[in-house]
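Observations on chain architecture
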Amino acid sequence: MTGSLADLLVTAGCRYVRAAPGSLGKAALAARVLDPRLRERPRRRLVETRSGDRFAVDTQDLIQRYLYLFGAWEPHLTRWLERRLKPGDGFVDLGANVGVYAVLGARLVGPAGHVVAVEASPDFHRRLLRNAALNGRDNIRAVNAAVSDGRRRLTFVLASSRNMGANSIVPYEGPAESSFEAEAFAAPDLLRSEEVAAARVIMVDVEGAEGAVVRGMEPLLDRLRPDAEIVVEVTPERMERLGDSVGELMEIMHRHGFHAYRLPNDYAPASYPRALRRPAAAVRVRGAVEGETELVFSRTDAETLA
């Protein structure tokens, strides 16, 4: 099969996975053919997500590849966020990557609302600004800084450009593809008082450093609006390598009246067709948290978050 014919078939396959009704063969096609092909033979394109936002993507990277292939990233969390943010709300994205949630959030909160997108990587910060401009989102304040429990200089290491969102300060002994240094601040030092007061949702996705981020965030928790909710992607093994624990993080949130819920976050390509059809609700956490988990903290006391 010639390269051009193969490329045409991949394009057709992506269109089928993204837009065709039903689910016949989509999971297998995405997992066995399209995902590896787009990773090994990357495409650079301008794509539109299912929510109508536009992004400049490079399919070598996991997040950007899924935007191209499925038109979405983390369907369960995306749907949850769409149900939360309303016109006029505030949204804070700590670890904003290329701006997937910042751009979505900016559209949901509208001109009367405001988004703060904090990203440590200078490269991702530039891409975030580009994606915000592509969508005309001038209600995003983009900050190129790291987040921790105080001011310090941190070194970030990237193991593989196939998942560029995995830039992390967690010690890594293997061969590094790249590294950079960034000035870190506690969240209260990065956010303006009006941004804290307006925040309906705060998201934390910092690849193992979530313990320090939540510790640094604690002084502002009681200043949040009563219905504010906080999403933290926790990676227990990485946290432990930095001397932190999920238990400590959850105890901080509990002290300030928050209950813990869990959202699915399966990153296997075969899981996406079903997740896009049937996004799951956040379910109350019972027992220990093991493995990478998307936690939602809310003052709502229930078994599920509607």
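Below is a short write-up of the structure. Every value quoted in this text rests on a predicted model; they were computed, and no experiment measured them.

Turning our eyes to something else, we now look at the overall build of the protein. The helix and strand inventory of the protein stands at twelve helices and 14 strands. Here the C-alpha atoms of the protein give a radius of gyration of 19 Å, agreeing with the 19 Å that 2.2 N^0.38 yields for 306 residues. A principal-axis box enclosing the C-alpha atoms of the protein has dimensions of 60 × 40 × 40 Å. Counting only contacts in the protein whose residues sit at least 6 apart along the sequence, the fraction spanning at least 24 positions is 71%. Across the protein, the centroid of the 42 positively charged side chains sits 8 Å from that of the 41 negatively charged ones.

This part covers the pattern of salt bridges. A full pass over the atoms with the stated rule returns 28 salt bridges. Two residues, Arg-137 and Asp-53, come together in a salt bridge whose shortest N-O distance is 3.4 Å. Within this pair, whereas Arg-137 is found in the loop between helix H6 (122-134) and strand S5 (140-144), its partner Asp-53 is found in the loop between strand S1 (44-48) and strand S2 (54-58), the two being separated by 84 residues in sequence. Using a relative accessible area of 1% as the deciding quantity, one classes Asp-53 as buried. A salt bridge links Arg-192 to Glu-195; the shortest N-O distance between them is 3.9 Å.

All right, on to unusual backbone geometry then. Its identity is not glycine, yet Glu-74 carries a phi of approximately 50°, on the positive side. Tracing the backbone shows Glu-74 in the loop between helix H3 (62-70) and helix H4 (75-84). The residue Glu-207 is not glycine, and still its phi comes out positive at about 55°. Examined against the element boundaries, Glu-207 turns out to sit in the loop between strand S9 (199-204) and helix H9 (210-221). Given the relative accessible area of 14%, Glu-207 is considered buried.

Moving on, we come to the sheet that holds strand S7 (residues 152-158). Reading across the sheet, the three strands line up as S6-S8-S7 and stay open at both edges, with mixed pairing between neighbours. What marks the edges here is a single partner per strand, and that holds for strand S6 (146-148) and S7. On average, each strand axis in the sheet is tilted by 45° relative to the strand beside it, whichever way the strands run. Alignment of S7 against strand S8 (residues 178-186), held across seven bridges, turns out to be antiparallel. Residue pairing in the sheet places Thr-155 in a bridge with Glu-181 of S8.

Turning our attention to the side chain of Glu-229. Here Glu-229 lies in strand S10 (residues 229-234). Engagement of the side chain of Glu-229 in a polar contact is seen with the side chain of Arg-84, the distance being 2.6 Å.

This next bit is on a nonpolar patch on the surface. A surface patch of nonpolar side chains, about 290 Å² in accessible area, is lined by Leu-5, Leu-8 and Leu-9. If you trace the backbone, Leu-5 turns up in helix H1 (residues 3-19).

A full pass over the atoms with the stated rule returns six aromatic pairs. Grouped by ring-pair contacts, the aromatic residues Tyr-66, Phe-70, Trp-73, Tyr-267 and Tyr-272 constitute a single cluster. A cation sits over an aromatic face here: Lys-26 above Tyr-16, 5.5 Å from the ring centre.

Attention shifts here to the packing of H4 against helix H5 (residues 100-109). The N-to-C vectors of H4 and H5 enclose an angle of 25°; their axes lie 10 Å apart at closest approach. By the angle between their axes, H4 is roughly parallel relative to H5. For the pair H4 and H5, the crossing hand works out as right-handed. Between H4, through Leu-77, Thr-78, Leu-81 and Glu-82, and H5, the contact on the second element is made entirely by Tyr-101, Leu-104, Arg-107 and Leu-108. Its residues placed into classes, the contact of H4 with H5 shows five nonpolar, one polar and two charged.

What follows concerns the nonpolar core. Counting 48 residues, the largest nonpolar core has Trp-73, Trp-80, Leu-81 and Ile-140 as its most contacted members. Sorting elements by how many residues they give to this core places H5 first, with eight residues. With residues near it in sequence (within four places) discarded, Trp-73 still touches Leu-62, Ile-63, Tyr-66, Leu-67, Thr-78, Val-100, Tyr-101, Tyr-267 and Tyr-272. Counting residues in each nonpolar core, the second largest holds 38 residues, with Ala-187, Ala-199, Val-214 and Met-239 among its members.

The N-to-C vectors of helix H2 (residues 26-40) and H3 enclose an angle of 125°; their axes lie 10 Å apart at closest approach. Classified by the interaxial angle, the pair formed by H2 and H3 is oblique. The element H2 and its partner H3 pack so that their crossing is right-handed. Packed against H2, whose contacting residues are Ala-30, Leu-34, Asp-35, Leu-38 and Arg-39, the element H3 presents Arg-65, Tyr-66, Tyr-68, Leu-69 and Phe-70 at the interface. Taken together, the residues of the contact of H2 with H3 break down into seven nonpolar, no polar and three charged.

Analysis parameters
Residues numbered from 1 in each chain as written. Predicted model: local features only at pLDDT ≥ 70, side-chain atom pairs only at ≥ 80, totals over all residues. Heavy atoms only, no water. Helix = DSSP H or I, 4+ residues; strand = E, 2+ residues; numbered from the N terminus. Rg over C-alpha atoms; globule rule 2.2 N^0.38 Å. Contact = heavy atoms within 4.5 Å. Lys, Arg positive; Asp, Glu negative; His and termini not counted. Charge placed at Lys NZ, Arg CZ, Asp CG, Glu CD. Salt bridge = Lys/Arg side-chain N within 4 Å of Asp/Glu carboxyl O. Buried < 20%, exposed > 50% of the residue type's maximum accessible area, 1.4 Å probe, protein only. Pairing = 2+ DSSP bridges. Axes fitted to C-alpha atoms, helices over the stretch in contact; angles between N-to-C directions. Polar contact = N/O pair within 3.5 Å; in protein donor to acceptor, adjacent residues only side chain to side chain. Patch = residues over 30% accessible without salt bridge, like charges linked within 9 Å, V, L, I, M, F, W, Y side chains within 5 Å. Areas by Shrake-Rupley, 256 points an atom, 1.4 Å probe, with all protein chains shown as cover. Phe/Tyr/Trp six-rings, centres within 6.5 Å; stacked < 30°, edge-to-face > 60°. Lys NZ or Arg CZ within 6 Å of the ring centre and 35° of its normal. Parallel < 35°, antiparallel > 145°, perpendicular 65-115°, else oblique. Left-handed = near helix turned anticlockwise from the far one by under 90°. Nonpolar A, V, L, I, M, F, W, Y, C, P; charged D, E, K, R; others polar. Core = buried A, V, L, I, M, F, W, Y, C linked by side-chain atoms within 4.5 Å.

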